[in-house]
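Overview (structure and organization)
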Amino acid sequence: MPSLHYEYQVSGDDFTRAGEASSDIKNKLKQMGVSPSAVRKAAIAIYEGEINMVIHAGGGAISVEILPDQIAMELIDHGPGIADIGLAMQEGYSTAPDAVRSLGFGAGMGLPNMKKYSDEMTITSRVGEGTTVSMVVRFE
Amino acid sequence: MKIQELIDKTRFTVINAGSDTGRNISKPYCCDLLSIAMSSAPADGIWFTVMANLNTLAVAALTDTACVVLCQNTALDENALKKARTEGITVLATELPVFDAALLAYEQLNAADASIPADESQTCRNPETTCDA
Ligand SMILES: Nc1ncnc2c1ncn2[C@@H]1O[C@H](COP(=O)(O)OP(=O)(O)OP(=O)(O)O)[C@@H](O)[C@H]1O
Ligand SMILES: [Mg+2]
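Conventions and cut-offs
- Residues numbered from 1 in each chain as written.
- Chains lettered and ligands numbered in written order.
- Predicted model: local features only at pLDDT ≥ 70, side-chain atom pairs only at ≥ 80, totals over all residues.
- Heavy atoms only, no water.
- Helix = DSSP H or I, 4+ residues; strand = E, 2+ residues; numbered from the N terminus.
- Buried < 20%, exposed > 50% of the residue type's maximum accessible area, 1.4 Å probe, protein only.
- Contact = heavy atoms within 4.5 Å.
- Areas by Shrake-Rupley, 256 points an atom, 1.4 Å probe, with all protein chains shown as cover.
- Pairing = 2+ DSSP bridges.
- Axes fitted to C-alpha atoms, helices over the stretch in contact; angles between N-to-C directions.
- Buried area = accessible area lost by both parts, 1.4 Å probe.
- Salt bridge = Lys/Arg side-chain N within 4 Å of Asp/Glu carboxyl O.
- Nonpolar A, V, L, I, M, F, W, Y, C, P; charged D, E, K, R; others polar.
- Near = heavy atom within 4 Å.
- Polar contact = N/O pair within 3.5 Å; in protein donor to acceptor, adjacent residues only side chain to side chain.
- 1 Å grid on protein atoms, 1.4 Å probe; cavity = no way out; pocket = protein on both sides within 12 Å on 5 of 7 lines; lining within 4 Å.
- Points joined across faces, edges and corners; volume = space filled by probe spheres on them.
- Parallel < 35°, antiparallel > 145°, perpendicular 65-115°, else oblique.
- Left-handed = near helix turned anticlockwise from the far one by under 90°.
- Core = buried A, V, L, I, M, F, W, Y, C linked by side-chain atoms within 4.5 Å.

1. Comments concerning the overall build of chain B
Within chain B, the secondary structure is distributed over 5 helices and 5 strands. Of all 133 residues assigned to chain B, the portion counted as buried reaches 47%. The contacts of chain B with a sequence gap of at least 6 include a subset with a gap of at least 24, amounting to 46%. Surface accessibility of chain B: about 6300 Å² in total, with carbon and sulfur atoms responsible for 50%.

Encoded structure:
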């Protein structure tokens, strides 16, 4: 299987479309016959990243590369950045505004979920410039 | 137990039947915070929540939840209903609070597990039939 490459634009504050990239990737992986547990891991990881870009960063871009044995995802935004990544990674830490809390977000579990369900994850962020999250999920 | 049998037994209101009411339900799950549900909702589960919006359905789809039950008469807006339809997600509703609704489903799921052989349980599918014996 050659490597497959997909790009998605995520618009800010558009909850009606948030989740589109993750459900599209989920369907693609399923069709390729990737194991259900790996599909679930990848779908959760992208969804949480996608929602974070919508809520915290005013949107961004997702690029995905699927290889025979893994999926690599890169989520790039030009939002406010994360000042303290260690703090943001803590379970329960959230700066989500009330308006999105009332939609069920703001448990402060998105980044911990991404860490838990991906096999590799790195975040680079600069305050005022944006955030890039890279994740890999291996198929086994 | 299949979704349709559970609907028959519990009389939960059908908001959207979904693409497969013959699907088997694994277990009940209750949560209203999406990223917690995202990591813990069991595959093929029946998810009880008062959080009725588009994102609930996105999480349900991604976690392979069999069926969502909106409790205490929470309602989907037009967008969310559209998503339920296009993704074929089974969405039910009840006026019961989350615990009571989940308990009702739990009891029905257990009762179905206990009834052997499986074929005979078909005779009790009609909720009008008393099958206490
Ligand atoms: N792309 C981003 N840009 C700027 N800040 C971010 C970004 N992603 C996360 N953060 C910051 O990190 C915090 C923790 O993120 P996390 O996803 O764990 O929780 P949450 O989004 O607040 O709530 P949940 O994901 O549980 O609904 C956020 O509240 C926000 O302050
Ligand atoms: Mg988040």
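So, next bit.
2. Here we look at the sheet that holds strand E4 (residues 67–70) of chain B
Residue and element names in this part refer to chain B. Ordered by their spatial adjacency, 5 strands build an open sheet running E1-E5-E4-E3-E2, and the pairing between neighbours is mixed. Each edge of the open sheet carries a strand with a single partner, namely strand E1 (13–16) and strand E2 (28–30). Put simply, the sheet's adjacent strands are angled 30° from each other on average, direction ignored. For E1 and strand E5 (residues 90–93), the ladder comprises 3 bridges, and the chain directions are antiparallel. The partner of Thr13 across the bridge, within E5, is Ala93.

3. Remarks on the interface of chain B and chain A
Taken together, the contacts link 23 residues of chain B with 22 residues of chain A. Note on chain B versus chain A: buried area summed over both sides is about 1700 Å², and carbon and sulfur give 54% of it. Linking chain B with chain A are 1 salt bridge. Between B:Asp64 and A:Lys26 there is a salt bridge, with its nearest N and O atoms 2.9 Å apart. Residue composition of the side of chain B that touches chain A, grouped by class: 13 nonpolar, 7 polar and 3 charged.

4. Some details on the site of ligand 1
Contacts to ligand 1 come from 22 residues, most closely from A:Ser94, A:Thr95, A:Gly106, A:Gly108 and B:Ser35. Near ligand 1, residues from chains A and B are present, making the site a shared one. Contact between ligand 1 and A:His56: an oxygen atom at 2.8 Å from a side-chain N or O atom of the residue. Taking 590 Å² as the accessible area of ligand 1 by itself, protein coverage stands at 95%.

5. Looking at the layout of surface pockets
All names here are of chain A. Volume-wise, the largest pocket comes out at about 600 Å³. As for the largest pocket, its lining consists of 34 residues, and the residues nearest its centre are Asn52, His56, Ile82, Thr95 and Leu111. When contributions to the lining of the largest pocket are tallied by element, the ones reaching two or more residues are helix H2 (36–57), strand E3 (70–77), helix H3 (85–89), helix H5 (110–117) and strand E5 (130–138). Considering only residue class, the lining of the largest pocket consists of 19 nonpolar, 12 polar and 3 charged.

6. Quick look at the sheet that holds strand E4 (residues 120–126) of chain A
All names here are of chain A. Taken in spatial order, the 5 strands make up an open sheet running E1-E2-E3-E5-E4, and their pairing is antiparallel. Strands with a single pairing partner mark the edges of an open sheet, and in this sheet they are strand E1 (4–11) and E4. If you compare each strand with its neighbour and ignore which way they point, the axes differ by 10° on average. Here 6 bridges tie strand E2 (residues 59–66) to E3, and the two strands are oriented antiparallel to one another.

7. Notes on the packing of H2(A) against H5(A)
Residues and elements named next belong to chain A. One can describe the packing of H2 onto H5 by two numbers: an axis separation of 9 Å at closest approach and a directional angle of 150°. With respect to each other, H2 and H5 are oriented roughly antiparallel. Judged by the twist between their axes, the crossing of H2 over H5 is left-handed. When H2 is examined against H5, the residues Lys41, Ile44, Ala45, Glu48, Gly49 and Asn52 are found in contact with a partner set consisting of Gly110, Leu111, Asn113, Met114 and Tyr117. Looking at the contact of H2 with H5 residue by residue, the classes come out as 5 nonpolar, 4 polar and 2 charged.

8. With respect to the nonpolar core
A:Leu29, A:Ile62, A:Val64, A:Ile71, A:Met73 and B:Trp47 are the most contacted members of the largest nonpolar core, which totals 62 residues. The dominant element in this core, judged by the number of residues it contributes, is H2(A), at 12 residues. Within the second largest apolar cluster, 18 residues are counted, among which are B:Ile25, B:Cys67, B:Val69 and B:Val98.

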